[in-house]
Structure formats: C-alpha cells, structure tokens
Amino acid sequence: DSAALQALDRSHHLHPFTDLQNHAEQGGRIVNRAEHIYIYDTDGQRMLDGMSGLWCCNLGYSQPQIAEAVYRQLQELPYYNNFFKCANQPAVELARALVEVTPAQFNHVFFTNSGSEANDTNIRLVHRYFDLLGKPEKKLFISRKNAYHGSTIASSSLGGMDGMHKQTRGLDYVHHINQPHWFANGGELSPDEYGLQVAGELEAKIQQLGEDKVAAFIAEPVQGAGGVIIPPDSYWPEIQRICDAYDILLIADEVICGFGRTGKWFGSETYGIKPQLMTFAKAVTNGYMPLGGVMVGDQVAKVLLAGGGEFTHGLTYSGHPASCAAALATLDILRSTNIIEHAAEHIAPYFQGRLREFEQHPLVAQVRGQGMFAALELVADKSSRKRLAPDSAGAIYCRDRANKNGLMVRQTGDAMIMAPPLICNREEIDILIEKLAIALDETAVHYQI
Ligand code: PLP
C-alpha cells in the first residue's frame, strides 16, 4: 500500500538531487504507472507530465514497440560487451542509424550508459586527439556557468552549477564563462548586442589561458537545466567563429536538445552550428532504457583511427544490446511518424503562443522558449524585477502548486520550466496551460501580488 511504500522509501532510499533530511522526515511521491503523457502515483493522483520525465520521454509513455524490442533482445542476447573487438547486432545497427540521423560530419559513435559518462568520454577523446596530434599541452576546457553536463566528478566540473562545485570541487583544467542569459544579465543592451558581448567572453578566456592550451568549448545549444536559456541570434555564429579561429573543438551537449526538443532533430541544426563532438542520451531511447554516447565528427575520428595504440576507455555496458534495441525502436518511430517535424510545425508554435499569453500575468516578467521547451521568469514586480522571495522560494511554491494540481513542471532559479512530450496535441497543451495558470494565480495570492 502507498503509505507502506512511502515509509520504506523514507527509510532506505537516498534520492538524487533531494534534500535528504527533508525527504527522510516527510517522504515523497511514488510513481507506479504511466500512460501516454500522464503519470500516476500510488495515492491515485494522475499528473500531466509537462517535463517528459527528465526531458527524455519525448514520445510519452505508451510506446509498445520500444518495450517489445527490449523484451525480444533480452531473450535473444541479453548481454555481451563491445570491448576489444566484439560487437552486438543492435549496437552496430544503432551506430549506423545514428550516423543517418545526425549532421553529416558525424560518422562514428562511442556508446555510454548516460549523458554524464558521455561527457567524461568527451574529455578523454579530446585529450587523446590532441595527444595524437602532438599537442599534449592543449588540455583546457571552457564551459559556461550554471550549465549542467552531468553528475560524475568530471562532467559536473564541466558543468557550472555552484552547488555541485561546492560539494565536489571542480577539475583544474575546466574554466567557465557566463551563460547567454539576456533577461538576467543583459542590462540595457539589446539581445543581439548582449549575445555578442557574452560570446566575446570565450575569446577573452582563450586569450587569457593561451590559445595553445585551450582544447575545447562545451555547451548545450539551449541550456536546459540552467534555465532554458535561449541564446540571442548573434550568440552562436560568434561562438562558432571564435572556435574556428582558435582551433578549439566545439562540443555540443545535445542530451536535452537532441531528438526534436528544439524543433529540428538536433539543437546544432536549429542554431546552425557545426560541432566536432556531440553528446546524446535521454530521448535516444525515449527514456525506456539507459543509453548515452558521443557522436565523433570526422575531424576527430580521422586522427583517432590513424593513431594506433589502445583508447583506454569503456564501460561494461557500452552499447548494451537491450538499450541499443530500445534506441533503434525509438529512432524507427521518430523517423516513420515524422513526429519531430509535426511537433515543430503544428504543436510547438501553438505551445509557445499560448505561453506568451502569460506575459499579461502580474508575476511573469519574461516568457522564452524554442520548440517544445520554455521558461517563465517570475517576479514580484515587473518594472523593478523585485524577486518574489529569496532562494527561489516563489518559483518553488508555484511548482509545488502545479504538482499538487496534477501538472509536473520544474523550477530553476526563479523560472518555471516546461518540456512536454512532442506527442502532445493542442487540447493537451491547453490542459497544461490551464493548470499552469492556476498555479501562477495561487502563487500570486500567496504572495499577495
Ligand atoms: N548533459 C545535459 C545537458 C543534461 O541535461 C544531463 C542530464 O540532465 C546530462 C548531460 C547528464 O545526463 P545523465 O543524467 O544521463 O548522466
């Protein structure tokens, strides 16, 4: 029964990204069923999943083709590794399918179980690449503040989240510049002026650290967990120019943006950038199985393949057959239904349009979004931008009200975050908007705005 499960959870389960003391005292929700775009908890509450799980279930929860592919694969070959020179059929077929759907420069893939491990893999790949080129001093990475690139020590160092750095200490070869957050930091500048200014921080950082020492710049096309930070139009062309000019590898972390979230298959395509390495995970299996990896562009692959000597990196489950079977089925659905193109053309504009209605709401100072994700910046007063409450308590309150009313959304800082499944129809978007409006109104009443 629900209370017994919750008691067990409180007693024995250490949750990720959770205040452990608070959870041990108060417990939480146990989700035990999902259908289409809804999740259900053991208390019988149904919630519209406005976050696609953790930005991964882009096709929602009712895709029997994926589940059946996993089951069939587990009966045929439940496991064998891809170490040394072995391979399994789903891993090989998935490698080809990923090459087909990713931008043209990508013809090779390295599989991991997660986005975090994939970003760790990027570090090894980049270091090996420059070692093989005879430039071992090119070791430094530049990333962006408030970025989330994973939870391992190395990937969280690439990330720029203050809290994680305080708890782990970052690697000394990772440096950070500002995120292109015009609403927070743009001041009197236009978005394009600000985009150029903040992109210019990359050039300044390279010059400060030394062109011969900086190896790579890593970023999400749209920073997701950092607050759905939509870059000004001027930002990415300038970043691309700088990377090209200084021989810096560009790594696009597409763990959230990939597989349709921004309107095209990959965020790199939405923003017209040409990364040499690309991290993926999450929606590649529609969240059904753990799988991540790095797409390795021709420039890097050529050097690795000509290098000789072992690439000393790998995971027991790199290219796990059941995970690869799940990904193959997912890609098959994405391709055969054209759901990415359909959502971009028919659902995303409606979703973004309905969200813009919140610009009239007294708490909402900015609505931003791209494709099927978006953020609302909450304030107590629009002209002074006074915060609702310290420590993001206002947005946390709003999130909790939405959750209570049957809408799963998230909060980052003072922003409310939405990333619904791409399979939503307009009526379901209307339900999401309606529930969000109620949460915003309840928040306004709570803070007497
Ligand atoms: N990179 C980005 C942009 C992410 O959003 C995440 C997870 O949210 C990761 C990497 C880490 O992926 P994983 O949780 O699969 O390790």
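Note that the coordinates shown come from a computational prediction; the quantities given were computed from them, not determined experimentally.

Helix and strand counts for the chain come out as 17 helices and 15 strands. Whereas a compact globule of 449 residues would reach a radius of gyration of roughly 22 Å, the chain reaches 22 Å, a difference of no more than 12%. Along the longest, intermediate and shortest principal axes, the C-alpha atoms of the chain span 65 × 60 × 45 Å. Among the 449 residues that make up the chain, the fraction classed as buried is 49%. The long-range share in the chain, meaning contacts at least 24 apart out of those at least 6 apart in sequence, stands at 71%.

Moving on: the domain arrangement of the chain. Segmentation of the chain into domains returns domain 1 (2–62 + 339–446) and domain 2 (65–337). For domain 1 versus domain 2, the separation of C-alpha centres amounts to 26 Å. Residue assignment for the side of domain 1 that touches domain 2 shows that the elements contributing at least two residues are helix H3 (52–55), helix H15 (339–356), strand E11 (364–370), strand E12 (373–378) and strand E15 (415–418). Per-element accounting of the side of domain 1 that touches domain 2 gives the leading share, five residues, to H15.

At a minimum axis separation of 10 Å, H15 and helix H17 (residues 426–446) run at an interaxial angle of 20°. By the criterion of interaxial angle, the relationship of H15 to H17 is roughly parallel. Seen along the crossing, H15 lies across H17 with a hand that is right-handed. Two secondary-structure elements touch here, H15 through Ile347, Tyr350, Phe351 and Arg354 and H17 through Arg426, Ile429 and Ile433. In the contact of H15 with H17, the residues fall into five nonpolar, no polar and two charged.

Moving on, we come to the site of the ligand. Close to the ligand lie 16 residues; Ser114, Gly115, Ser116, Gly150 and Val255 are nearest. It is helix H6 (residues 115–132) that contributes the most residues to the shell around the ligand, three residues altogether. Residues of the shell around the ligand, tallied by class, amount to six nonpolar, eight polar and two charged.

Turning our attention to the pairing of strand E3 (residues 46–49). Remember that side chains alternate between the two faces of the sheet whenever the strand is regular. Taken together, the three bridges between strand E2 (residues 38–41) and E3 define a ladder with antiparallel strand orientation. Bridging across to E3, tyrosine 40 finds its partner in arginine 46. Note that E3 and strand E13 (residues 407–408) share two bridges and pair parallel. Bridge assignment links aspartate 49 to a residue of E13, and that residue is methionine 408.

Moving on to the pairing of strand E1 (residues 31–35). Within E1, only zero of the five residues are buried, which leaves it mostly out in the open. Pairing of E1 with E2 involves four bridges; the strand directions are antiparallel. Note that in E2 the partner of arginine 33 across the bridge is tyrosine 40. Linkage of E1 to E2, two consecutive antiparallel strands, is achieved through a turn of two residues, within which histidine 36 is found at a positive phi near 55°.

Looking now at the sheet that holds strand E4 (residues 106–112). Backbone-to-backbone hydrogen bonds join strands into a sheet, with any given pair of strands oriented parallel or antiparallel. Pairing within the open sheet is mixed, and its seven strands lie in the order E4-E10-E9-E8-E7-E5-E6. Only two strands of the sheet have a single partner each, and these edge strands are E4 and strand E6 (174–177). Across the sheet, the mean angle separating the axes of adjacent strands is 25° when strand polarity is ignored. In terms of strand pairing, strand E8 (residues 249–253) meets strand E9 (residues 277–280) through three bridges, oriented parallel. Bridging from a neighbouring strand, alanine 252 pairs with methionine 278 of E9. Helix-sheet contacts for H6 involve E4, strand E5 (140–144), strand E7 (214–219), E8, E9 and strand E10 (292–297), and the interaxial angle to E10 is about 30°. Against the sheet, helix H13 (residues 298–307) touches E4, E9 and E10, its axis set at about 90° to E10.

This next bit is on the sheet that holds E3. Strand order in this open sheet of four strands is E1-E2-E3-E13, and the pairing throughout is mixed. One side of each edge strand has no neighbouring strand; the edge strands of this open sheet are E1 and E13.

Reading the values: the criteria
- Residues numbered from 1 in each chain as written.
- Predicted model: local features only at pLDDT ≥ 70, side-chain atom pairs only at ≥ 80, totals over all residues.
- Helix = DSSP H or I, 4+ residues; strand = E, 2+ residues; numbered from the N terminus.
- Rg over C-alpha atoms; globule rule 2.2 N^0.38 Å.
- Buried ≥ 20, exposed ≤ 12 C-beta atoms within 10 Å, placed from the backbone.
- Contact = placed C-beta atoms within 7 Å.
- Domains from an automatic or database assignment.
- Axes fitted to C-alpha atoms, helices over the stretch in contact; angles between N-to-C directions.
- Parallel < 35°, antiparallel > 145°, perpendicular 65-115°, else oblique.
- Left-handed = near helix turned anticlockwise from the far one by under 90°.
- Nonpolar A, V, L, I, M, F, W, Y, C, P; charged D, E, K, R; others polar.
- Near = placed C-beta within 6 Å.
- Pairing = 2+ DSSP bridges.

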